[in-house]
Each structure stands twice: as C-alpha cells, then as structure tokens.
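Architecture and fold: a report
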Amino acid sequence: MRVAHAGMAYVLGLMLLVMANYSLANDKIEIVSSEGSVMLGDAQGKSKKQVQAKSVLQPGKILTTGPEARAVVRVGSDGYIVLGNNSQVEIGKSKKETGFFKQLTGIVYYAINSIKGNRRPVEVRTATATIGIRGTRFLVTDVEGRNEVGMRKGLVSVTSPEGEFEIHKQAVLDEFEAYKKAGEEAIAKSEREFEEYKAATQQEFIEYKREFSLGADRMASFDGKRVEDRPLSGETQKDMESIESYAEQWIKEVRD
C-alpha cells in the first residue's frame, strides 16, 4: 500500500509540475516577430537593451520601436499587440490586479481574446482614457495631430480618468446620406437641406459622460475632453490594414 501511495504521489506531483510549467508558458510575454530597432527598458527610460523575436519580456518594462521598426508581442493568454514605428508601450501583468497596457506614444494594434470564466479583464491606459476590453481588435493612435481609438471589431468601454467627456456623435451625415437616397430630386438641393438639417439637430448629438462604449467600424478622436464619435476614417483604415497584413499569422489566432 505504501508503494502504491508513493507511486500515486509521484504521479500527482509530476502532473502538478507539468500544469505549472504549462501555466507559466501560457502566461509568457514574448516577442514573436520584429524588424528594425526594438528596445526594452525600465519605467525611467534607463537600462535599454535591444530585443528581437523569441525575447521574453518581464512585466513592467517599456517596449520601444524605432523609426523603421515594428514588433508583434504575444501577451500570454490575453492575445497579441502589434507596435508600429516610433511607439512605446508598458506591459503590466499581475496576479492581483487587472492586466494592462500603458501606451505612451505611437500606433499600436490590440487583438485580445474574449474574457471567459474567472479571467480578469484587460485595460489599455493612455493619457486621455482607460479602455476596458473583453475580446476585440482595435487601434490606438497617439501621435502629433492624432489622438484616436479605432475599432475593427468587438466593443470597448472608454472611461475618462478625470471628469466627463464632451461626446460629439457624427451620425448626422450618415443619416442624411440615407435621407438623400429616398429620391434623386433631393440631390440637387442636398447641400442647403443638409445645413438646415444639421442646424436643427446638432444639439441632439452632444453628450456629457464619464464613460461611453465604442463598437465595430467606429472611432473616437480626442481633443482634451472633446470626443468625436464617428465612422472609421480612411487614414485609420489604412493603418489597420498595414498592421493586419504584417501580423496576420498571429492575430488570426485570437478568439474574439
């Protein structure tokens, strides 16, 4: 009996070890593809070192891409992020706190698995907003002249770190395009009618909220607390398609 118990204990211990190793591997933060200058440093911007594909990253470090660089990072079981050129992201993962990405600058594509069971949600933090994720794909742009969140699919919640947003929903033009299609005769006088329509309804599309939702094929452009909620722009679509083409091999694995 003692031999049997010892054998069972050994097998159980072996199983626990395998499970622990699998869990660690599944939670690993790893660069799976990179090109150009990709650097890893601490929060103070010191101790920078060059990293490349297969490099394992420690939580709390800041990943930086150069002018002609980009990188695909597998973030454990959460999914993938893709950094465009001149981008900086801090990747935070903790057993006690919500996993988060702190985007400091640049253009970064997030492809995050759906949240199931007891898994904690993931956040993207910027200087402007906190973005709550439950399985989606979207692009965050923080460069000169552009401070945006563009949605490819899914849904995110966008929360102001302080105070309320002034949200301007750009639905007026969309609705008027449908109105124009009601008859060819309306097209000739469309410009004048649109100005009248816009003036009469403009106030209905301004909201003041601490938090709002953003869905597929929409984008939010930030100017301080002012937010434009509108369809994806051609520029944002182009940025998304470029990153998706580069990282297609990996982001197609995401279960969103």
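Everything numeric in this text was worked out from a predicted model, so none of it was measured.

1. Considerations on the pairing of strand E16 (residues 211-215)
- Side-chain alternation along E16 places Phe212 and Leu214 on a buried face and Glu211, Ser213 and Gly215 on a face that remains uncovered.
- In this structure, strand E13 (residues 155-159) lies alongside E16, joined through 5 bridges in antiparallel fashion. Each bridged residue has a counterpart across the sheet, and for Leu155 the counterpart in E16 is Gly215.

2. Quick look at the environment of Phe222
- Following the sequence through the fold, Phe222 ends up in strand E17 (residues 218-223).
- Judged by relative accessible area, which is 10%, Phe222 ranks as buried.
- It is 9.3 Å that separates the C-alpha atoms of Phe222 and Ile167, two residues lying 55 residues apart in sequence.
- Beyond its immediate chain neighbours, meaning those up to four positions away, Phe222 contacts Thr128, Ala129, Asn147, Glu148, Val149, Val158, Phe165, Phe212 and Val227.

3. A closer look at the confidence of the model for the chain
- Summarising the model, the chain shows a mean pLDDT of 82, and 72% of its residues fall at 70 or more.
- Contacts for the low-pLDDT stretch residues 8-25, under 50 throughout, to residues beyond four places or in other chains number 0 contacts.

4. Re the nonpolar core
- By size, the foremost hydrophobic cluster in this structure holds 37 residues, and its most contacted members are Val73, Ile81, Phe101, Tyr110 and Phe138.
- Per-element tally for this core: the top contributor is strand E8 (residues 99-112), with 4 residues.
- With residues up to four places along the chain from it excluded, the contact list for Val73 reads Ile29, Glu30, Ile31, Leu57, Leu63, Gly79, Tyr80, Ile81, Leu83 and Ile91.
- If you look at the next biggest cluster of nonpolar residues, it comprises 17 residues, including Val82, Met219, Ile243 and Trp250.

5. Some remarks on the packing of aromatic side chains
- Within this structure, the stated rule accounts for 4 aromatic pairs.
- Between Phe101 and Tyr110, the ring centres sit 5.5 Å apart and the planes meet at 55°, which makes this aromatic pair tilted.
- Summarising the aromatic geometry, the rings of Phe165 and Phe212 are spaced 5.6 Å apart at their centres and angled 80° between planes, so their arrangement reads as edge-to-face. Highlighted residues: Phe165 in strand E14 (residues 165-169) and Phe212 in strand E16, separated in sequence by 47 residues. Pair check on accessibility: Phe165 and Phe212 agree, each one buried.
- In textbook terms, an aromatic cluster arises when at least three aromatic residues are bridged by ring pairs, as seen for Phe101, Tyr110 and Phe138.
- The ring of Tyr246 is capped by Arg70, whose NZ or CZ atom sits 4.0 Å from the centre of that ring.
- One residue, Arg125, lies across the ring of Phe100, its end atom 4.0 Å from the ring centre.

6. Topic: helix H4 (residues 234-251)
- Between the first and last C-alpha of H4 there are merely 22 Å, a value that for 18 residues lags more than 12% behind the 26 Å anticipated at 1.5 Å per step.
- Within H4, the axis deviates most sharply at Ser245, by approximately 55°.
- Among all positions in H4, only Thr236, Asp239, Met240, Ile243, Glu244, Tyr246, Ala247, Trp250 and Ile251 are buried.

Conventions used here
Residues numbered from 1 in each chain as written. Predicted model: local features only at pLDDT ≥ 70, side-chain atom pairs only at ≥ 80, totals over all residues. Heavy atoms only, no water. Buried < 20%, exposed > 50% of the residue type's maximum accessible area, 1.4 Å probe, protein only. Helix = DSSP H or I, 4+ residues; strand = E, 2+ residues; numbered from the N terminus. Pairing = 2+ DSSP bridges. Contact = heavy atoms within 4.5 Å. pLDDT = per-residue confidence, 0-100. Core = buried A, V, L, I, M, F, W, Y, C linked by side-chain atoms within 4.5 Å. Phe/Tyr/Trp six-rings, centres within 6.5 Å; stacked < 30°, edge-to-face > 60°. Lys NZ or Arg CZ within 6 Å of the ring centre and 35° of its normal. Expected span 1.5 Å × (residues − 1). Bend = angle between axes of the 7 residues up to and from the residue.

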